Amino acid sequence: MIGYPSGSHSGGKISPMSFLDSFVENVRKYPDKVALEFLDPPLQRLTYAELEEQVNRTARYLQSRGVQRGDRVALQLSKCIEFILLHLATVRLGAISLPLNLAYPPDELKYFLEDSAAKLFFALETSKEKIQPNLSQLPELKECVFLNPSSPEEFDSLIAGSQTPSVGAPGYSIASDFNDTAVIIYTSGTTGRPKGAEITHGNLASNLQSLHEAWGWTPDDVLLHVLPIFHVHGLFVALHGALRAGATTLLMREFDAQRTLDFLSSGRCTVFMAVPTIHKRLLDLPNANQFDLSRVRLITSGSDRLPDETFKGFQQTFGYTLLERYGMTETGMNCSNPLNGERRIGSVGLPLPGVDVRIVNAETRAVLPVGEIGEVEIRGPNVFKGYWRQPEKTAESFSPDGWFKTGDLGYLEPDGYVTLCGRSKDLIISGGLNVYPPEVERVLVEHAAVSACAVIGCPDAEWGEKVTAVVTLTEGASVSGEELIRFCRERLAPYKSPKSIVFRESLPRNAMGKIQKAQLRNEVCQPGC
Ligand code: MLC
């Protein structure tokens, strides 16, 4: 199979060490080393030993609230130590961590809690008024705890009563099977409502091992972490990656371009990971070329296609060739350009150790030869277990011989590099976040003035793609674009809400009545933007 030289679990046969076991090993090896350091208030710094103790204490607290193996513990928190402790403790208990984007408004949140049948829910004190009315309608939710990350002592006292056993003590960790679900992350689909992707302990472990090998993680690494931690990129690839390596993570609570460049040029950071929108914002700073990033050994880009201008801009401005990689929630990371070797512009690189990639004809599902464009399919220990309580949707997303259908279009180059060139699914990626048009369309047609609509992604210099709604109005109705955007923002996360509304007399449809989105994109999107 094409890919990196075989790793220690090539073919997925030899199991790597579980993520938690590798973390505990690092606690033993580097107890006094800084594991996490928050760069903005409240300033917090935890060594590996301290983090371990706090995770244990949090696990005891969760046990005292009745959390058992397999229970879902939902987290809708800002980027804070409480989030990390609750996430790691949940996984340690063999329960299932359910990170939720803070941008989800109450209606969306209610759906996630209901669908996952979460038992415990941790949210921000500041969201209490907004979300509490919905919570009483969730019979399976036993408790909701509101936290205030700006006062860390409140969480300390919440978990204080819980005893802390030392490493290796009985009851210290509940052994989980590699096939047990560790985390559920919701992803939207082309049809229906978002689905919970079940990511197992085995998925986490194998993907971390692949990335550890491919990116040469070492305990001496210092990661600058600016991404949100409720998605695969910030949580698994960045945070877990550093903990797996015994490295130090410096966490910025919210991305700030100027401060990011200050830290990257400080000489302290060795690794940085971001999405193209973030890389572009760094390049757009007027003083960008005054920063020396030569001490940063690895800068990766993922979650969205890296525009050639950003790739080249990074080379010109910082003298650094970005390493683009390719992944998704259901599979973790699939491909990466090499650490040593050619980082090819426009390509997502080679399949990672243990990951198999093939290209098939999207209609016939026949495997295609090198150079031909088709749908990318993935197989390996990184591929998720399935969608939570959705066996049919799970079955539909795999080929009969067990490969995951990504919905991405691409081709293999003769030397094994994978190049992506579009999507067969109707997906928009905005600033590294996935937006599925049907979710937005469903909301828009609820507005009395809207008779029909089509949501498309228009190329955009800042966001990669800009969510754009093309709308026809009910006869005699009138409504402004601003009103429709406001209507969406009350019901959807801001990043999913259209940034622009285009009114039309009618929408182009084919003989079957299906809206011709490709035609709309040509007509509506501004060329060259
Ligand atoms: C914020 N906004 C967005 C947006 N992020 N709109 C569209 N797309 C987005 N991604 C909204 C805000 O709510 C705000 O609206 C307005 O746009 C401008 O906000 P901002 O302050 O400029 O944005 P900011 O908060 O700085 O966020 C931009 C960003 C952020 C790029 C830093 O979007 C981000 O962290 N993206 C990374 C997402 C990520 O981690 N994806 C990984 C998924 S995992 P208003 O009107 O309220 O002001 C995955 C798998 C893999 O895909 O392979 O990695």
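Residues numbered from 1 in each chain as written. Predicted model: local features only at pLDDT ≥ 70, side-chain atom pairs only at ≥ 80, totals over all residues. Heavy atoms only, no water.

Considerations on the sheet that holds strand β15 (residues 350-351)
A sheet is described by the order of its strands in space; here nine strands give the open sequence β2-β1-β10-β9-β11-β12-β13-β14-β15, paired in mixed fashion. Edge positions in the open sheet fall to β2 (45-47) and β15, since each of these has one partner strand only. Relative to β2, strand β1 (residues 34-38) runs antiparallel, the two sharing three bridges. Residue pairing for β2: Glu37 is matched across the bridge by Arg45. (Pairing = 2+ DSSP bridges. Helix = DSSP H or I, 4+ residues; strand = E, 2+ residues; numbered from the N terminus.)

Focus: the packing of aromatic side chains
Counted under the stated rule, the structure contains eleven aromatic pairs. Plain terms: the ring middles of Phe384 and Tyr387 are 4.9 Å apart, the flat faces sit at 65 degrees to each other, and that makes the pair edge-to-face. For Tyr387, a relative accessible area of 5% gives the class buried. Among the aromatic side chains, those forming a connected cluster through ring pairs are Tyr104, Tyr111, Phe112 and Tyr186. (Phe/Tyr/Trp six-rings, centres within 6.5 Å; stacked < 30°, edge-to-face > 60°. Buried < 20%, exposed > 50% of the residue type's maximum accessible area, 1.4 Å probe, protein only.)

Things to note about the confidence of the model for the chain
Overall, the prediction assigns the chain a mean pLDDT of 92, with 93% of residues at 70 or greater. A low-confidence stretch, residues 1-14 stays under pLDDT 50, and its non-local contacts, those more than four residues away or across chains, total 31 contacts. Counting interchain partners and residues more than four positions distant, the pLDDT-below-50 stretch residues 166-172 has 14 contacts. (pLDDT = per-residue confidence, 0-100. Contact = heavy atoms within 4.5 Å.)

Quick notes on the site of the ligand
By nearness alone, 24 residues border the ligand, and Arg281, Ser303, Arg325, Ser430 and Arg489 come closest of all. Gly431 is positioned such that a nitrogen or oxygen atom in its backbone is 3.0 Å from a nitrogen atom of the ligand. At 2.6 Å, a side-chain N or O of Arg489 approaches an oxygen atom of the ligand. Contact with the protein chains hides 71% of the accessible area of the ligand, taken as 1000 Å² for the molecule alone. Among the secondary structure elements, those contributing two or more residues to the shell around the ligand are α8 (232-245), α10 (276-284) and β13 (323-328). When its residues are assigned to classes, the shell around the ligand shows twelve nonpolar, eight polar and four charged. (Near = heavy atom within 4 Å. Polar contact = N/O pair within 3.5 Å; in protein donor to acceptor, adjacent residues only side chain to side chain. Areas by Shrake-Rupley, 256 points an atom, 1.4 Å probe, with all protein chains shown as cover. Nonpolar A, V, L, I, M, F, W, Y, C, P; charged D, E, K, R; others polar.)

Brief notes about the packing of helix α2 (residues 48-64) against helix α3 (residues 81-92)
At a minimum axis separation of 8 Å, α2 and α3 run at an interaxial angle of 65 degrees. Of the possible angle classes, the one that applies to α2 and α3 is roughly perpendicular. Along this stretch, α2 crosses α3, giving a crossing that reads as right-handed. Contact residues: α2 offers Leu51, Glu52, Gln54, Val55, Asn56, Thr58, Ala59 and Leu62, while α3 offers Leu85, Leu86, Leu88, Ala89, Thr90 and Arg92. Within the contact of α2 with α3, the residues separate by chemical class into eight nonpolar, four polar and two charged. (Axes fitted to C-alpha atoms, helices over the stretch in contact; angles between N-to-C directions. Parallel < 35°, antiparallel > 145°, perpendicular 65-115°, else oblique. Left-handed = near helix turned anticlockwise from the far one by under 90°.)

Notes on the sheet that holds strand β24 (residues 464-473)
With mixed pairing, the three strands of this open sheet are ordered in space as β23-β24-β25. Two strands close off the open sheet at either side, each with one partner strand: β23 (450-460) and β25 (500-503). Taken pair by pair, the neighbouring strands of this sheet meet at an average axis angle of 30 degrees, ignoring direction. With ten bridges joining them, β23 and β24 adopt antiparallel strand pairing. By the bridge assignment, Pro459 is partnered in β24 with Glu465. In this fold helix α13 (residues 437-444) packs onto β23 and β24, with an angle of close to 145 degrees to the strand it touches most, β23.

Observations concerning the environment of Pro152
Position of Pro152 relative to the elements: it lies in helix α6 (residues 152-160). What makes Pro152 buried here is its relative accessible area of 16%. Spatially, the C-alpha atom of Pro152 lies 8.0 Å from that of Glu82, the residues being 70 residues apart in sequence. If we ignore the near neighbours within four places in the chain, the residues touching Pro152 are Pro42, Gln44 and Glu82.

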